[in-house]
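Here are the chains, one letter per residue:
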Amino acid sequence: MALTGNIANYSPTYYDVMMYLHSIPISKEVKENVGRRLVKEVTEPALAKAYAKIDELSQLKENWAGDGSLPISQNVLNNIKRVLLISDDKDWNEWMIGPDVNATIGLQSKTHRALMSLGAKEFSYFVRIDGEKMAASHVDFSPEVFLETMRKIA
Amino acid sequence: MSAVISNNEDVARILSNQWISNGEILHMAFTLRDKETYISVNRPAIPSYNSDVKGFVTSHPDFYADQRHDKYIRAMLNVGEIRAMRIDYAGITLNVNVEVEPRDIFTKSHAGIFTRHQNKNIKNGDTLYIKSLDTDVSADEILLEVRSNLVDISTLESCNL
């Protein structure tokens, strides 16, 4: 079966994924990098937990919190996955992840008064440390800028 | 005219399980929906509170606190502490007030937490003009700060339905 398009309701087996990978021309180097990265994502605890949480959030249905609350948008899910893909385990030790009613995702620091909100094209954050405040909204999203902001806050 | 809520009263924000992590309340529990001008809360001091909450939780499974479906989780906030919130920007205290008012058209115990600038309700996407600084501030930043403050003054409780 071809693993293309929206597979939100499809749970591919090991065989499906391997057959897909073998159906496209991938160099030995790329295969090795993919293999290493996948092992990292399932064995490093904070990273694995973050991925599991995102998978859980992707299952939320319309009206999950009542009053017309929206499921997380596919663009937002793709954005957070792009951040996960370039991040390390230690980047996620600090952060709790949860859904927001406006189809976005929120992060909250475990140790600082800091919160972030990730949308389809922009993100925002608020931090208060030692009485000093730092905040921004409508920041253009890129995985690199978002991850850099997470690291700065943490 | 709706009655004024006393500063001594506490209000409850009923929480989805998705808004709790590591035993903490996440800021998303206090998000304004698009075009919404207040955060819905309920008043335990009103006699219909228990039946109002039960009616809501039983129709939203994500709000059950456990598998037996006999508990829910709430964030308790003191009205006086909510009203005492002050929002600063660039060293200036903005004329932003956080107010709690009854909204009993839905259920008798229902109320709203409003964020206002110069007596106008703030919602997502608004822009506030700060005259003393001759600059615009995004309401989204203000509302993020309000969320952070509400989390700080909340107490998490598990209750029987």
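About the cut-offs
- Residues numbered from 1 in each chain as written.
- Chains lettered and ligands numbered in written order.
- Predicted model: local features only at pLDDT ≥ 70, side-chain atom pairs only at ≥ 80, totals over all residues.
- Heavy atoms only, no water.
- Helix = DSSP H or I, 4+ residues; strand = E, 2+ residues; numbered from the N terminus.
- Buried < 20%, exposed > 50% of the residue type's maximum accessible area, 1.4 Å probe, protein only.
- Contact = heavy atoms within 4.5 Å.
- Areas by Shrake-Rupley, 256 points an atom, 1.4 Å probe, with all protein chains shown as cover.
- Lys, Arg positive; Asp, Glu negative; His and termini not counted.
- Charge placed at Lys NZ, Arg CZ, Asp CG, Glu CD.
- Pairing = 2+ DSSP bridges.
- Axes fitted to C-alpha atoms, helices over the stretch in contact; angles between N-to-C directions.
- Parallel < 35°, antiparallel > 145°, perpendicular 65-115°, else oblique.
- Nonpolar A, V, L, I, M, F, W, Y, C, P; charged D, E, K, R; others polar.
- Polar contact = N/O pair within 3.5 Å; in protein donor to acceptor, adjacent residues only side chain to side chain.
- Buried area = accessible area lost by both parts, 1.4 Å probe.
- Salt bridge = Lys/Arg side-chain N within 4 Å of Asp/Glu carboxyl O.
- pLDDT = per-residue confidence, 0-100.
- Expected span 1.5 Å × (residues − 1).
- Arc of directions from axis to C-beta.

1. Notes on the overall build of chain A
Phase 1: The helix and strand tally for chain A stands at five helices and five strands.
Phase 2: Starting at the N terminus, the α and β elements of chain A follow one another as α-α-α-α-β-β-β-β-β-α.
Phase 3: In terms of principal-axis extent, the alpha carbons of chain A reach across some 55 × 40 × 25 Å.
Phase 4: Across the 154 residues in chain A, those meeting the buried criterion constitute 41%.
Phase 5: Of the contacts formed within chain A by residues at least 6 apart in sequence, a portion of 49% connects residues at least 24 apart.
Phase 6: Of the accessible surface of chain A, which amounts to about 8,700 Å², a share of 56% is contributed by carbon and sulfur atoms.

2. A look at the overall build of chain B
Phase 1: Regarding its fold elements, chain B presents three helices and 13 strands.
Phase 2: If you line up chain B on its principal axes, its C-alpha atoms span 55 × 40 × 25 Å.
Phase 3: Residues classed as buried in chain B amount to 52% of the 161 residues present.
Phase 4: Considering only contacts in chain B between residues 6 or more positions apart, those separated by 24 or more positions represent 66%.
Phase 5: With the model as given, the accessible surface of chain B reaches about 7,600 Å², and the carbon-plus-sulfur share is 46%.
Phase 6: Across chain B, the mean location of the 17 positive side-chain charges is 6 Å away from that of the 22 negative side-chain charges.

3. What about the sheet that holds strand E2 (residues 105-109) of chain A?
All names here are of chain A.
Phase 1: One open sheet holds the five strands; their spatial order is E1-E2-E3-E4-E5, and the pairing between them is antiparallel. Each edge of the open sheet carries a strand with a single partner, namely strand E1 (95-99) and strand E5 (132-140). With direction set aside, neighbouring strand axes in the sheet form an average angle of 10°.
Phase 2: Pairing geometry for E2 and strand E3 (residues 113-118), over four bridges, is antiparallel. From the neighbouring strand, Gly106 faces E3, where its bridge partner is Ser117.
Phase 3: This element, helix H3 (residues 45-57), spans E1 and E2 of the sheet and lies at about 10° to E1.

4. Overview of the packing of helix H2 (residues 28-43) of chain A against H3 of chain A
Residues and elements named next belong to chain A.
Phase 1: Contact geometry of H2 with H3 gives a least axis separation of 5 Å together with a crossing angle of 85°. As judged from the angle between their axes, H2 and H3 are roughly perpendicular. Every residue of H3 that contacts H2 at Arg37, Lys40, Glu41, Val42 and Thr43 is listed here: Pro45, Leu47, Ala48 and Tyr51.
Phase 2: The residue inventory of the contact of H2 with H3, partitioned by class, reads five nonpolar, one polar and three charged.

5. Looking at the pairing of strand E5 (residues 71-78) of chain B
All names here are of chain B.
Phase 1: Of all the eight residues making up E5, six are buried; the element is thus mostly covered by neighbouring parts of the structure.
Phase 2: Here E5 runs beside strand E13 (residues 155-160); their pairing, made up of six bridges, is antiparallel. What sits directly across from Arg74, in E13, is Glu157.

6. A few points about the side chain of His60 of chain B
Phase 1: As for its placement among the helices and strands, His60 of chain B is situated in the loop between helix H1 (49-58) and E5.
Phase 2: Separated by 2.8 Å, the side chain of His60 of chain B and the backbone oxygen of Phe56 of chain B make a polar contact.
Phase 3: With residues near it in sequence (within four places) discarded, His60 of chain B still touches Asn63, Ala65 and Gly66 of chain A.

7. Here's the deal with the interface of chain A and chain B
Phase 1: With 34 residues of chain A in contact, the opposing surface of chain B contributes 31 residues.
Phase 2: When chain A packs against chain B, the two sides together hide about 2,600 Å² of surface, and 50% of this comes from carbon and sulfur.
Phase 3: Considering only the side of chain A, the residues that lose the most area to chain B are Met96, Gln108 and Leu115 of chain A, jointly responsible for 19% of the buried surface there.
Phase 4: Viewed at the interface, chain B and chain A are joined by four salt bridges.

8. Observations regarding the confidence of the model for chain B
Phase 1: Per-residue confidence for chain B gives a mean pLDDT of 89; residues scoring 70 or more make up 96%.
Phase 2: Quick note on the complex model: pTM equals 0.89, ipTM equals 0.88.

9. Remarks on helix H4 (residues 74-85) of chain A
Residue and element names in this part refer to chain A.
Phase 1: Taking 1.5 Å of rise per residue, the 12 residues of H4 would be expected to cover 16 Å, and the 16 Å separating its terminal C-alpha atoms lies within 8% of that figure.
Phase 2: When H4 is considered as a whole, its buried residues turn out to be Val76, Leu77, Asn79, Ile80, Val83 and Leu84. The buried residues of H4 occupy an angular sector of 160° when the element is viewed end-on, so they sit on one face.
Phase 3: Where H4 is buried, its residues contact H2, H3, E2, E3 and helix H5 (143-153).

10. Considerations on the environment of Asn17 of chain B
Phase 1: Mapping Asn17 of chain B onto the fold places it in the loop between strand E1 (10-15) and strand E2 (20-21).
Phase 2: Side-chain polar atoms of Asn17 of chain B contact the backbone oxygen of Tyr64 of chain B, separated by 2.4 Å.

11. What about the pattern of salt bridges?
All names here are of chain A.
Phase 1: Counted according to the given criterion, the structure contains 19 salt bridges over all chains.
Phase 2: One salt bridge connects Arg151 with Asp91, and the closest N-O pair in it is separated by 2.8 Å. Here Arg151 is found in helix H5, whereas its partner Asp91 is found in the loop between H4 and E1, with 60 residues between them in sequence.
Phase 3: By relative accessible area, which is 8% here, Asp91 ends up buried.
Phase 4: Each of Lys40, Glu44, Asp88, Lys90, Asp91 and Arg151 takes part in one network of salt bridges that share partners.

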